[in-house]
Amino acid sequence: MEKKIKVAVMGATGAVGQVFMWMLADHPWFELTYATASASRVGLKYASTVHWVMPFEMPKKIRDVEVKEFNIEAMQEEGVQIVFSALPAEVASEAEPQLRDNGFFVFSNAASMRYDPNVPILIPETNIEQLDLVQAQGYPEKGFVVTNANCVTTGLAMALAPLRKYGIKNIMLHSYQSVSGAGYPGLSSFDITDNCIPFIRERKRRSRKRSRKSFPLIQRYTVSPFVYRSCLDTLKLSGWIWSRMLRLRTLSRIADFKNVPDLPSTAAQPVEYGADPTFPQPKYAFWGNPSGMVVYTGRLKKKNGKIGFLLMVNNIVKGAAGGSIQNAEAFVKKFGLI
Ligand SMILES: NC(=O)c1ccc[n+]([C@@H]2O[C@H](COP(=O)([O-])OP(=O)(O)OC[C@H]3O[C@@H](n4cnc5c(N)ncnc54)[C@H](OP(=O)(O)O)[C@@H]3O)[C@@H](O)[C@H]2O)c1
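Residues numbered from 1 in each chain as written. Predicted model: local features only at pLDDT ≥ 70, side-chain atom pairs only at ≥ 80, totals over all residues. Heavy atoms only, no water.

**Considerations on the nonpolar core**
Using the following cut-off: To define a nonpolar core, start from buried Ala, Val, Leu, Ile, Met, Phe, Trp, Tyr and Cys residues and group those joined through side-chain atoms within 4.5 Å. Any residue under 20% of the maximum accessible area for its type is buried, any over 50% is exposed, and the rest in between are partly exposed; the area is computed with a 1.4 Å probe on protein chains only. Strands are runs of DSSP state E lasting at least two residues, helices are runs of H or I lasting at least four, and both sets are numbered from the N terminus onward. Whether two residues touch is decided by their heavy atoms; if any such pair falls within 4.5 Å, the residues are in contact.
Among the nonpolar cores identified, the biggest contains 48 residues, and Phe 30, Tyr 46, Ile 82 and Phe 84 are the most heavily contacted of them. For this core, the elements supplying multiple residues, two or more each, are strand E1 (5-10), helix H1 (15-24), strand E2 (30-36), strand E4 (82-85), strand E5 (105-108), strand E6 (144-147) and helix H11 (317-334). What Phe 30 contacts, discounting residues up to four positions off in sequence, is Lys 4, Ile 5, Val 7, Leu 24, Ile 82, Phe 84, Ile 325, Ala 328, Glu 329 and Val 332. Counting 24 residues, the second largest nonpolar core, distinct from the first, contains Ile 123, Leu 163, Tyr 166 and Val 313.

Below, the structure is given as structure tokens:
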């Protein structure tokens, strides 16, 4: 590639924003050009103002990035084409349509535009055809918004993709969501230390609705989730699936992914199954290549016509910023921007 595409990160200091900054520091196609946070940080150097919560050192290249205000003209002057959004939904609901209307290609983690019928909820390994919707939004003449699924739906859609040809009917799941899923600073340590909270507002309804949009090939199934807030990083799901024609021998196909898109942030094997009964565990959250982009499954079993397994997804990498970066890569590749 001769010239990198200039990109901006909105909400660069939050839990998801930090992953964007880390993954974009040395990206082969994208050049980090603009980063925003809330007004009190404007004008400060990134390293001096962010509370870095990633489990490794901050890349040198982003330490001196200046935090800027949300200013569409300034972004246009800098030559930004792609905007990654890690804004809270209520802020994104105003900012993202403005960005789109000014011609930017917006890749968002926020929920605010996910139910617009022309806005894709994209997971390149499972529903790449959703990317065609950017043309329904007016691309190439106009900007657009592409969202990724939330972390529960991402993990589930990835783990079930190899099985969808077997006609899934019902899914019953328990979702153990990480503390980082609530953003930074999130929950009080008094509330979560040595604890597991069996309720997260809004999560049950959303995972049902989004799973349907992210699974266009499955027209009819029901998802019955229990949701909990538990460990620091990574989301874990345990679940049972009922399908019309699942045979025991097909269980070996649970990590058998076909047509993996060749993108810089996509793992060669996006779902990995571990046979060890203690696998997977949240301490492997940043395993894999690229780090945090692999969905891990384990504890596979069959009982009374249904199959059960555990899955683990890094909610801030594959389930958020890494998924958005992958979506932007899929877009530039499909429409020949590289
Ligand atoms: N955390 C996850 O696992 C996860 C997974 C999937 C999707 N998401 C979604 O991703 C988005 C970001 O989540 P998060 O967990 O990273 O949240 P977060 O930790 O609360 O970070 C929010 C970011 O937005 C900035 N911000 C807040 N209010 C602003 C305003 N009025 N103007 C400009 N910037 C503002 C914050 O800046 P300051 O630091 O200066 O306040 C911070 O950089 C949310 O929509 C969330 O639902 C999160």
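**Concerning the environment of Gly 14**
By secondary structure assignment, the location of Gly 14 is in the loop between E1 and H1. Exposure remark for Gly 14: the relative accessible area of 23% places this residue in the partly exposed category. For the pair Gly 14 and Trp 52, spaced 38 residues apart in sequence, the C-alpha to C-alpha distance is 8.9 Å.

**What to know about the side chain of Ser 324**
Its location among the elements puts Ser 324 in helix H11. Beyond its immediate stretch of four places on either side in the chain, Ser 324 contacts Phe 20, Phe 84, Phe 107, Ser 108, Asn 109 and Asn 148.

**Details of the site of the ligand**
The cut-off we apply is this: It suffices for a single heavy atom of a residue to lie within 4 Å of a molecule or strand for the residue to be listed as near it. Two N or O atoms count as a polar contact when they lie within 3.5 Å, although within protein this holds only if one can serve as hydrogen donor and the other as acceptor, and sequence-adjacent residues are included solely when both atoms are side-chain atoms. To be clear on the numbers: accessible area is Shrake-Rupley with a 1.4 Å probe, and residue cover counts the displayed protein chains and nothing else. Residue polarity follows a fixed list, in which Ala, Val, Leu, Ile, Met, Phe, Trp, Tyr, Cys and Pro are nonpolar, Asp, Glu, Lys and Arg are charged, and the others, Gly among them, are polar.
Around the ligand sit 24 residues, and of these Thr 13, Ser 38, Arg 41, Leu 87 and Asn 315 come closest. The contact in question runs from an oxygen atom of the ligand to an N or O atom on the backbone of Ala 15, over 3.0 Å. Protein contact buries 76% of the 900 Å² of open area that the ligand shows by itself. Residue composition of the shell around the ligand, grouped by class: 13 nonpolar, 10 polar and one charged.

**Some remarks on the pattern of salt bridges**
Stated precisely, the cut-off is as follows: We define a salt bridge as a side-chain nitrogen of Lys or Arg found within 4 Å of a carboxyl oxygen belonging to Asp or Glu.
Counted according to the given criterion, the structure contains five salt bridges. Among the salt bridges present, the one from Lys 318 reaches Glu 125, with a minimum N-O distance of 3.0 Å. Of the two residues, Lys 318 sits in helix H11 while Glu 125 sits in helix H6 (residues 124-127), which places them 193 residues apart along the sequence. Across this residue pair, the class does not change: Lys 318 and Glu 125 are buried.

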